[in-house]
Amino acid sequence: MVYEVPKKDGATDPEVAGNPGGFPLWEVFIRANRGLNHVHAGSVHAADAESAVQAARDVYTRRSEGVSLWIVRSTEIHASDPDGSDAWFGSEHPYRHPTFYELPDEVGHM
Amino acid sequence: MSSDQAVTTASTPEEHFDAVIGSGRTIEPRDWMPDNYRSTMIRQIAQHAHSEVIGQQPEGNWITRAPSLRRKAILTAKVQDEAGHGLYLYSAAETLGISRDEMMEMLHSGRQKYSSIFNYPTLSWADVGAIGWLVDGAAITNQVMLTRTSYGPYARAMVRICKEESFHQRQGYEMMLTLANGTPEQKDMAQDALDRFWWPSLMMFGPPDADSVHTEQSMAWGIKLETNDDLRQRFVDMTVPQADFLGLEIPDPDLRWNSEREHYDYGEIDWDHFWEVVAGNGPCNRERIEHKVRAWDEGQWVREAALAHAAKKRDSETEGAR
């Protein structure tokens, strides 16, 4: 998953690009239910972590969408380079997949 | 060559962008995109966000006067949803590199617009029902299409919003049902609300295709998947039977079923009126912006206090760690 760090062309600090002088930006992750991962839902602006959690609850979970929230400062997320994504994620290694191996029918389900 | 291969074999950023759009996949924030795509997306998402936020005002007008605790709780929840929808959308727009404060400033100064439908007053309690039924109904018709729009964060915000809009429309229609089956005065009130909100609701889909400056490019970029007129027709076809069921009359003498087209024909829309409202001369344009600016200005000290509190807490934590 490539995280979405808001960034202006040429800007290095997403927070400064995101909201100069205002509340910093926080990314919101929600665990929809026990047994599931936290998944990115969006972002909120808040002065500190405590109020960011409260804002995330009000904005993203008004209808029991989650049982747990994570809040991360947007500036603390480091992402892979989208331009290099083909080289990073595109390599083909068919022998890593089970369908690469042809077995006789007599062996049955495996 | 499959569309997937087209994406991986694209050699320039433009080719990659076109191939992703062509294969029906989404453009994500850090992808290269044409400058015009970025500015179109910012304009559209910001306008959509502003509409949700300004849209709180006409309905908020009735919260304190809702006729029962049930209706009051429902209306409060709905207005809170509109605020939430605005925030999902601002969050999506920010991934394009515009700040929240810039968008606020552009709304306040009139450089970015919001939907003209919110420039009409809510004169009676029935207007709250008509807005839920017609305005949210029209919005859903548009927004269902936008769940498949080409910019990922916008599409995902739309999915979230569509899940919630259905409640908005159903509560509005339920209100209209109650009024239409009530006393003659209540039924008149429902009819009057329909009379006033019908045409503005049809205008929500934007100018006719022939006059729409953005449609062609927006469709080529997968931002829009259907035209204004097609969406408007779908809304009319859906809504006429609902009005019949209420026993209310749609204020259009030219409205009739066309068995050849298998659609309802409807009368001429007064586009001169529409452009007047867009230009700022609707019944409530000034009031809406004045109220918004006042709320923003009056909240300034709260935002400053919250930042000061956060800074103070951070300082005392650093001192404690020493």
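Residues numbered from 1 in each chain as written. Chains lettered and ligands numbered in written order. Predicted model: local features only at pLDDT ≥ 70, side-chain atom pairs only at ≥ 80, totals over all residues. Heavy atoms only, no water.

**Some thoughts on the overall build of chain B**
Basically, it comes down to this: A run of H or I in DSSP counts as a helix once it spans at least four residues, and a run of E counts as a strand once it spans at least two, with each numbered from the N terminus. It is over C-alpha atoms that the radius of gyration is taken, and the globule rule equals 2.2 Å times the number of residues to the power 0.38. To measure how exposed things are, a 1.4 Å probe is used in the Shrake-Rupley method; for residues, cover is taken only from the protein chains shown. Charge counting follows a simple rule: Lys and Arg are positive, Asp and Glu are negative, and His as well as the terminal groups are ignored. In this description, the location of a charge corresponds to atom NZ of lysine, CZ of arginine, CG of aspartate or CD of glutamate.
Regarding its fold elements, chain B presents 14 helices and 2 strands. Relative to the compact-globule value of 20 Å for 322 residues, chain B shows a C-alpha radius of gyration of 22 Å, a close match. Accessible area of chain B: about 15400 Å², with a carbon and sulfur share of 53%. Across chain B, the 33 positively charged side chains and the 50 negatively charged ones have centroids separated by 8 Å.

**A few points about the nonpolar core**
Residue and element names in this part refer to chain B. The line we're drawing: Here the nonpolar core consists of buried residues drawn from Ala, Val, Leu, Ile, Met, Phe, Trp, Tyr and Cys, with membership extended through side-chain atoms lying within 4.5 Å. Each residue is placed in one exposure class: buried if its accessible area under a 1.4 Å probe, protein chains only, is under 20% of its type's maximum, exposed if it is over 50%, and partly exposed if it falls in between. Residues count as neighbours in contact if any of their non-hydrogen atoms are within 4.5 Å of one another.
Formed by 82 residues in total, the largest nonpolar core has its most connected members in Tyr37, Ile45, Tyr151 and Trp198. Apart from residues lying up to four places away in sequence, Trp198 is in contact with Leu134, Phe235, Val236, Thr239, Ile250, Pro251 and Asp252. The next biggest cluster of nonpolar side chains, apart from the first, holds 8 residues, and it includes Trp62, Ile63, Ala66 and Trp125.

**Some details on the interface of chain A and chain B**
What counts is decided by this rule: Put simply, buried area is how much 1.4 Å-probe accessible surface two parts lose in total, over both of them, once they are put together. Only one rule defines a salt bridge in this text: a Lys or Arg side-chain nitrogen within 4 Å of an Asp or Glu carboxyl oxygen. The term polar contact refers here to a pair of N or O atoms within 3.5 Å; inside protein, the definition further demands a hydrogen-donor-capable atom paired with an acceptor-capable atom, and it admits residues adjacent in sequence only when both atoms are side-chain atoms. The classification used treats Ala, Val, Leu, Ile, Met, Phe, Trp, Tyr, Cys and Pro as nonpolar, Asp, Glu, Lys and Arg as charged, and all other residues, Gly among them, as polar.
Counting from both sides, the interface comprises 32 residues of chain A and, opposite them, 31 residues of chain B. Between chain A and chain B lies a buried interface of about 2500 Å² when both sides are counted; carbon and sulfur atoms form 46% of it. Viewed at the interface, chain B and chain A are joined by 6 salt bridges. Two residues, A:Arg63 and B:Glu164, come together in a salt bridge whose shortest N-O distance is 3.4 Å. At the junction of chain A and chain B, the tally comes to 12 residue pairs in polar contact (both at pLDDT 80 or more). Listed by contribution, the elements that provide at least two residues to the side of chain A that touches chain B are helix 1 (14-18), strand 2 (38-45) and helix 2 (49-60) of chain A. Broken down by element, the side of chain A that touches chain B gets its largest block of residues, 4 residues, from strand 2 of chain A. Split by residue class, the side of chain A that touches chain B holds 13 nonpolar, 8 polar and 11 charged.

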